[in-house]
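Listed below, chain by chain, are the residues.
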Amino acid sequence: MKFFIDTANLDDIKQAYDLGVLDGVTTNPSLMAKEGITGDANVKAHYKAICDIVDNNVSAEVIATDFAGMVKEGEELAKIDDKIVVKVPMIKDGIKAIKYFSDKGIRTNCTLVFSAGQALLAAKAGASYVSPFIGRLDDISHDGLTLIEQIVQIYDNYGYETEVLAASVRHTMHLVQCAEIGADVVTCPLKVITSLLNHPLTDSGLAAFLADHKKASQK
Ligand code: E4P
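Computed from a prediction, not measured in an experiment: that's the story for all the values here.

J.: Run through the pairing of strand S5 (residues 108–113), naming residues and quoting values.
T.: Where burial is concerned, most of S5 is hidden: five out of the six residues are buried. Note that strand S4 (residues 84–89) and S5 share four bridges and pair parallel. Note on S5: the bridge partner recorded for Lys 87 is Asn 109. Between S4 and its parallel partner S5, the chain crosses via helix H5 (residues 92–104), and the hand of that crossover is right-handed. Note that S5 and strand S6 (residues 129–132) share three bridges and pair parallel. Of the residues in S6, the one forming a bridge with Cys 110 is Val 130.

What follows is the structure in structure tokens.
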């Protein structure tokens with residue numbers, strides 16, 4: 001399973017990359033705004049800075065919501081670096097834009113997916129990734145993980161190459177359950193990745209090993 005980090009924060013991206021387990025980055029307009037990145041030139045420079053840290057797969061989202069606008073923006077984003085994946089919202093013109101980009105060999109991530117039908121449409125249009133938002137479904141008392149199961153099953157049934165990118169992953173159980181289901185990718189904040197390290201038996205076990213080693217060395 002690929003691990004993407006869901007942030008536009010360069011320090012967090014560096015930390016996850018230094019851990020040696022990072023396969024990509026997803027951003028969105030809210031995450032860019034959180035870092036105070038505004039204005040076309042600054043946004044592009046920031047995406048380039050992210051691409052310079054990681055090996056591949058940097059999702060950069062279009063702001064336009066009409067076909068022509070998404071195509072123009074997406075083509076500009078794709079020119080920043082080969083690592084860019086153009087992130088397109090799941091709307092009618094978005095599906096048309098995904099088909100356009102797919103025909104041109106530009107990779108896409110179809111975002112804001114909340115149903116299996118939407119995911120099927122994204123795959124048919126040729127999206128490279130589909131992003132079902134599981135945490136936001138859980139927030140409204142729907143089961144986000146069931147949606148991941150449905151999409152994995154549908155894509156398997158027909159051999160779609162679109163990768164299931166579980167998004168809005170809020171905690172380690174989300175991540176582990178996505179892995180059990182067979183999601184291709186998860187994207188989550190740094191804290192979710194580093195929380196995978198934690199187990200109290202690891203901490204107490206290591207403390208005991210070190211204490212025993214110290215005692216034996218003092219004999
Ligand atoms: C995915 O690409 C989105 O940026 C993200 O996972 C949304 O997560 P949130 O629901 O925690 O904002």
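J.: Describe the nonpolar core, and please don't skip the residues or the numbers.
T.: Ranked by internal contacts, the top residues of the largest apolar core, which has 59 residues, are Ile 13, Tyr 47, Ile 84, Ile 148, Val 169 and Cys 178. Every residue in contact with Cys 178, bar those within four places of it in the chain, is listed here: Met 1, Ile 134, Leu 145, Ile 148, Ala 166, Ala 183 and Val 186. In this structure, Phe 4, Val 85, Tyr 129 and Val 185 belong to the second largest nonpolar core, which totals five residues.

J.: Let's hear about the site of the ligand: which residues, and what values?
T.: In the vicinity of the ligand, the contacting residues are Asp 6, Thr 26, Asn 28, Lys 87, Phe 133, Arg 136, Ala 167, Ser 168 and Arg 170. Within the side chain of Ser 168, a nitrogen or oxygen atom sits 2.7 Å from an oxygen atom of the ligand. Between Arg 170 and the ligand, the recorded distance is 3.1 Å, taken from a side-chain N or O atom to an oxygen atom. Against a free-state accessible area of 340 Å², the protein chains account for coverage of 85% of the ligand. Residues belonging to the shell around the ligand are distributed by class as follows: two nonpolar, three polar and four charged.

J.: Can you explain the packing of aromatic side chains? Please cite residues and give values.
T.: What characterises a pair of aromatic rings is the spacing of the ring centres plus the angle enclosed by the ring planes. Scanning the model with the defined rule gives six aromatic pairs in all. Geometrically, the ring pair formed by Phe 67 and Tyr 100 is edge-to-face, given 6.0 Å between the ring centres and 90° between the ring planes. Here Phe 67 is found in helix H4 (residues 67–80), whereas its partner Tyr 100 is found in helix H5, with 33 residues between them in sequence. Their ring planes at 45° and their centres at 6.2 Å tell us that Tyr 158 and Tyr 160 sit as a pair that is tilted. Classification of Tyr 160 by relative accessible area gives partly exposed; the value is 24%. Pairwise contacts between aromatic rings join Phe 67, Tyr 100 and Phe 101 into one cluster. Between Lys 96 and the ring centre of Phe 67, over which it is positioned, the NZ or CZ distance is 5.6 Å.

Thresholds, definitions, all that
- Residues numbered from 1 in each chain as written.
- Predicted model: local features only at pLDDT ≥ 70, side-chain atom pairs only at ≥ 80, totals over all residues.
- Heavy atoms only, no water.
- Buried < 20%, exposed > 50% of the residue type's maximum accessible area, 1.4 Å probe, protein only.
- Helix = DSSP H or I, 4+ residues; strand = E, 2+ residues; numbered from the N terminus.
- Pairing = 2+ DSSP bridges.
- Right-handed = clockwise from strand over helix to strand, strands pointing away.
- Core = buried A, V, L, I, M, F, W, Y, C linked by side-chain atoms within 4.5 Å.
- Contact = heavy atoms within 4.5 Å.
- Near = heavy atom within 4 Å.
- Polar contact = N/O pair within 3.5 Å; in protein donor to acceptor, adjacent residues only side chain to side chain.
- Areas by Shrake-Rupley, 256 points an atom, 1.4 Å probe, with all protein chains shown as cover.
- Nonpolar A, V, L, I, M, F, W, Y, C, P; charged D, E, K, R; others polar.
- Phe/Tyr/Trp six-rings, centres within 6.5 Å; stacked < 30°, edge-to-face > 60°.
- Lys NZ or Arg CZ within 6 Å of the ring centre and 35° of its normal.

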